[in-house]
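What the coordinates show
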Amino acid sequence: HRKIDGLLTVEGRQWDGYRDHSRQERWGLYGNAGWQPTTKAQVQLFGTYVYNDQRLPGALTRDEATTDPNQASSAALDGNYGKVVKTARIAGKTTWALAPNESLSVGLSYEGQSLFHPIVNQVLVDFDGPGPNAPVEVFSLLIDTDHRDLGAMMRYDRRVGAHDLLAGVNFGKGSVNGGNYRNLSGRPNGLSESYESHADSMEGFVLDRWHASDRWTAVYGAQ
């Protein structure tokens with residue numbers, strides 16, 4: 001008794017806003033597959049990849065919006081404001097039917113995401129006014145980071161009479177690496193701040209769905 005099925009979806013979109021420098025290009029690939037090796041076991045696999053590229057038009061002053069609401073801000077054009085996000089994710093889950101009213105599920109997932117985000121153009125200050133020195137850049141921002149997330153879960157479900165008991169454990173491990181850079185026309189122009197972050201989480205829970213009658217179900221638990 002073996003069954004295999006699957007589904008693959010491809011999507012694509014291009015969008016142009018009414019303002020200059022406000023287009024979007026996005027495409028994605030989504031897949032899932034199922035395998036039932038025995039009557040008591042089921043395996044599910046999932047995969048996703050998404051590429052999203054947006055140009056951002058920035059904010060206008062009241063006078064600029066009155067004169068031409070379709071224009072992009074000069075800062076957005078000079079700094080090439082935008083956001084490019086690439087996301088890839090794979091996951092799998094296996095469920096065993098231990099008994100007619102009892103099951104155990106175990107799952108694992110991994111996701112990687114990159115962010116490239118020029119968002120603040122060069123802010124220049126002329127410290128000596130009409131003096132001989134040229135204006136100096138005091139701030140600009142381009143974010144370039146990589147995100148990694150690993151997750152795992154386990155669920156035990158058992159139905160006893162009017163009670164549906166569920167116990168589970170969730171584990172998560174994530175990291176973010178990269179930094180903030182000076183922005184030169186949408187390109188990194190020197191590292192301003194290095195960024196590294198790591199986080200772990202562990203969660204355990206148990207709950208009961210008590211079907212007290214045909215009209216009432218009480219749900220209570222601890223976490």
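See the structure above.
Here's what I pulled together on the structure shown here. (Residues numbered from 1 in each chain as written. Predicted model: local features only at pLDDT ≥ 70, side-chain atom pairs only at ≥ 80, totals over all residues. Heavy atoms only, no water.)

1. A few points about the environment of Val-169
Definition in use: Every helix listed is a DSSP run of H or I at least four residues long, and every strand listed is a run of E at least two residues long, numbered separately from the N terminus. Two residues qualify as a contact provided that any one of their heavy atoms is within 4.5 Å of a heavy atom in the partner residue.
In this structure, Val-169 sits in strand S7 (residues 163-184). Apart from residues no more than four positions distant in its own chain, Val-169 is found in contact with Ala-152, Met-153, Met-154, Arg-155, Met-202, Glu-203, Gly-204 and Phe-205.

2. Digging into the side chain of Gln-24
For clarity, the cut-off: As used in this structure description, the phrase polar contact means that two N or O atoms lie within 3.5 Å; if the pair is within protein, one of them must be able to donate a hydrogen and the other to accept it, and residues adjacent in sequence are counted only when both atoms belong to side chains.
Looking at the secondary structure, you find Gln-24 in strand S2 (residues 23-38). Only 2.8 Å separates the side chain of Gln-24 from the side chain of Asn-52, close enough to count as a polar contact. Apart from residues no more than four positions distant in its own chain, Gln-24 is found in contact with Arg-13, Gln-14, Trp-15, Asn-52, Asp-53 and Gln-54.

3. Considerations on unusual backbone geometry
Even without a glycine there, the phi angle at Asn-80 is positive, about 50°. Take Asn-80: it is sitting in the loop between helix H2 (74-79) and strand S4 (82-99). Backbone geometry places Ser-185, a non-glycine residue, at a positive phi of 55°. Tracing the backbone shows Ser-185 in the loop between S7 and strand S8 (187-211).

4. Quick word on the sheet that holds S8
To keep it simple, the criterion reads: By definition, two strands form a pair when at least two bridges between them are found by DSSP. Only the stretch in contact is used when a helix axis is fitted, and all axes are lines through C-alpha atoms; the angle between N-to-C directions ranges over 0 to 180 degrees.
Spatial ordering of the open sheet is given by S1-S2-S3-S4-S5-S6-S7-S8-S9, a layout of nine strands whose pairing is antiparallel. Both outer strands of the open sheet, strand S1 (3-16) and strand S9 (217-222), are each paired with one neighbouring strand and no more. Pairwise comparison of adjacent strand axes, ignoring direction, gives a mean angle of 15° for this sheet. Inspection of the sheet shows strand S6 (residues 136-160) paired to S7 by 19 bridges, in the antiparallel sense. Residue Arg-159 lies in a different strand from S7, and its bridge partner there is Asp-164.

5. Brief notes about the packing of aromatic side chains
The line we're drawing: Planes of paired rings set the category: under 30 degrees apart is stacked, over 60 is edge-to-face and the rest tilted, where pairs are Phe, Tyr or Trp rings (Trp by its six-membered ring) whose centres lie within 6.5 Å. Only protein chains enter the calculation, and the probe is 1.4 Å; a residue is then buried if its accessible area is under 20% of its type maximum, exposed if over 50%, and partly exposed in between.
If you walk through the whole model with that rule in mind, you get one aromatic pair. Ring centres of Trp-27 and Tyr-49 lie 5.5 Å apart, and the angle between their planes is 50°; on these two criteria the pair is classed as tilted. With Trp-27 in strand S2 and Tyr-49 in strand S3 (residues 41-55), this pair connects stretches of sequence that are 22 residues apart. Trp-27 sits in the partly exposed class, given a relative accessible area of 38%. Here Tyr-49 falls in the partly exposed class, since its relative accessible area comes to 29%.

6. Describing the environment of Arg-158
If you trace the backbone, Arg-158 turns up in strand S6. Residue classification places Arg-158 among the partly exposed positions, given a relative accessible area of 41%. Note: C-alpha distance between Arg-158 and Glu-102 (56 residues apart in sequence) is 4.4 Å. When neighbours within four sequence positions are excluded, Arg-158 is seen to be in contact with Asn-101, Glu-102, His-163, Asp-164 and Leu-165.

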